[in-house]
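# Coordinate analysis (summary)
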Amino acid sequence: MADSKEIKKCALITGGSRGIGRAVCIQLATDHDYHLLINYNSNKDAALETLKFVEEVGGSAEIIQFDVVDAEGVKATLSKWEDDNADAIVEVIVNNAGITKDGLFMWMKPEDWSDVINTSLNGFFNVTNHFIQKLLVNKYGRIINMVSVSGLKGTPGQTNYSAAKGAVIAATKALAQEIAKRNITVNAVAPGFIKTDMTRELNEKELKRMIPANRFGEAEEVAHVVSFLASKKSSYITGETININGGIYS
Ligand code: NAP
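Before going into details, it helps to say that this report is about the structure given with it.

Analysis parameters
- Residues numbered from 1 in each chain as written.
- Predicted model: local features only at pLDDT ≥ 70, side-chain atom pairs only at ≥ 80, totals over all residues.
- Heavy atoms only, no water.
- Helix = DSSP H or I, 4+ residues; strand = E, 2+ residues; numbered from the N terminus.
- Buried < 20%, exposed > 50% of the residue type's maximum accessible area, 1.4 Å probe, protein only.
- Contact = heavy atoms within 4.5 Å.
- Polar contact = N/O pair within 3.5 Å; in protein donor to acceptor, adjacent residues only side chain to side chain.
- 1 Å grid on protein atoms, 1.4 Å probe; cavity = no way out; pocket = protein on both sides within 12 Å on 5 of 7 lines; lining within 4 Å.
- Points joined across faces, edges and corners; volume = space filled by probe spheres on them.
- Nonpolar A, V, L, I, M, F, W, Y, C, P; charged D, E, K, R; others polar.
- Near = heavy atom within 4 Å.
- Areas by Shrake-Rupley, 256 points an atom, 1.4 Å probe, with all protein chains shown as cover.
- Sits in = over half its atoms within 2 Å of the grid points.
- Patch = residues over 30% accessible without salt bridge, like charges linked within 9 Å, V, L, I, M, F, W, Y side chains within 5 Å.
- Salt bridge = Lys/Arg side-chain N within 4 Å of Asp/Glu carboxyl O.

Turning our eyes to something else, we now look at the environment of Arg 215. Mapped onto the elements of the fold, Arg 215 is located in the loop between helix H7 (204-207) and helix H8 (219-229). Residue class for Arg 215 comes out partly exposed when judged on its relative accessible area of 38%. Residues Arg 215 and Lys 205 lie ten residues apart in sequence; the distance between their C-alpha atoms is 8.3 Å. Leaving out residues up to four positions away in the same chain, Arg 215 has contacts with Glu 204, Lys 208 and Glu 221. Polar side-chain contacts of Arg 215 include one of 2.8 Å to the side chain of Glu 221.

What follows is the structure, encoded as structure tokens:
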């Protein structure tokens, strides 16, 4: 039985309602004792479904709605949650929420540029910055940022997305050096083509020819790496970006 005065240790997964974020929630619930905060933006039914899957593997979780882009909203929602959960600390942050708005740069609308940057890069800032002082006081933490092969190699048709993910990779490296002394690691994982709603429209048959593994990846294959990075076992890895791409680019 847990001591009622014990601090409730939590992990927040942004964009936990679907795809990779959902798989991360299920894997964290399987491998760890963290109480999970399953964030979603608009898809409550999908978030509730993730919650059900998490509970099926014996995990404890709740859903929490906020748009990572909305700095005020993030602050207000997370502050209220902290007020209501004074005995809790968010020790693991998985900045997973992300979108694509693909198109050639010459046709790219300003909002397609800013929406993508705002979600991945400002989302990382809004959520991580909210918790950082508490993590520093806690002297332990794990921050894991979902980036992409596009942020490393650049992908034509995805100048916005490549810029957003590349910036998060640079932020990962910088923040890691700032806070390593406090036992807080900051790492990124960079998936290639993973089967989710985001890649549903892509032609896997065509594209898999350029992937050495000859297939798209599964969200669970990303989730295992996130779960390792969220564990104490990864304590001497920080500022790192781990590729999960079937050999497409390393
Ligand atoms: P997905 O299936 O489209 O799911 C996106 C998730 O992000 C959903 O849970 C969505 O919430 C959430 N989200 C989007 N905008 C948000 C916002 N403003 N605030 C809060 N949550 C938001 O995508 P995915 O493939 O799982 O991608 C997850 C991450 O992996 C993204 O960062 C993506 O860039 C990255 N990634 C994916 C691939 C791939 O091949 N799939 C490859 C490389 C990197 P709702 O359900 O409420 O809409």
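Don't stop here, the text continues.
Attention shifts here to empty space enclosed by the protein. Under the definition given, this model contains one cavity of 30 Å³ or more. When its volume is computed, the largest cavity comes out at roughly 70 Å³. Every residue lining the largest cavity is counted, 13 residues in all, and those nearest its centre are Asn 95, Asn 96, Ala 97, Ser 120 and Phe 124. Taken together, the elements giving at least two residues each to the lining of the largest cavity come down to helix H4 (110-138), strand E5 (141-146) and helix H6 (159-179). Per element, the largest residue contribution to the lining of the largest cavity is four residues, and it comes from H4. By residue class, the composition of the lining of the largest cavity is five nonpolar, seven polar and one charged.

It is worth spelling out the site of the ligand at this point. Neighbouring the ligand are 32 residues, the closest being Ser 17, Ser 42, Asn 96, Tyr 161 and Thr 196. The contact in question runs from an oxygen atom of the ligand to an N or O atom on the backbone of Ser 42, over 2.7 Å. Within the side chain of Lys 165, an N or O atom sits 2.9 Å from an oxygen atom of the ligand. When the ligand sits alone it has 900 Å² of accessible area, and the protein chains cover 94% of it. Assessed atom by atom at 2 Å from the grid points, the ligand resides in the largest pocket. Breaking the shell around the ligand down by element, the ones donating at least two residues are helix H1 (19-31), strand E2 (35-40) and H6.

Moving on: a nonpolar patch on the surface. Together, Leu 104, Met 106 and Trp 107 line one region of the surface with nonpolar side chains, adding up to about 420 Å² of accessible area. Within the secondary structure, Trp 107 sits in the loop between strand E4 (88-95) and H4. Residue classification places Trp 107 among the exposed residues on the basis of a relative accessible area of 63%.

In this section: the side chain of Thr 199. With respect to the secondary-structure elements, Thr 199 resides in the loop between strand E6 (184-191) and H7. A polar contact is formed between the side chain of Thr 199 and the backbone oxygen of Ile 194, at a distance of 2.6 Å. When residues no more than four places from it in sequence are discounted, the contact partners of Thr 199 are Ile 194 and Phe 216.

Below, the discussion takes up the environment of Ile 143. With respect to the element layout, Ile 143 can be found in strand E5. Its relative accessible area of 0% is what places Ile 143 among the buried residues. C-alpha separation for the pair Ile 143 and Ile 184, spaced 41 residues apart in sequence, amounts to 7.4 Å. Residue contacts for Ile 143: discarding those within four places in its chain leaves Ile 93, Asn 95, Thr 128, Ile 132, Leu 135, Leu 175, Ile 179, Ile 184, Thr 185, Val 186 and Asn 187.

By themselves, these observations are geometric and do not establish any function.
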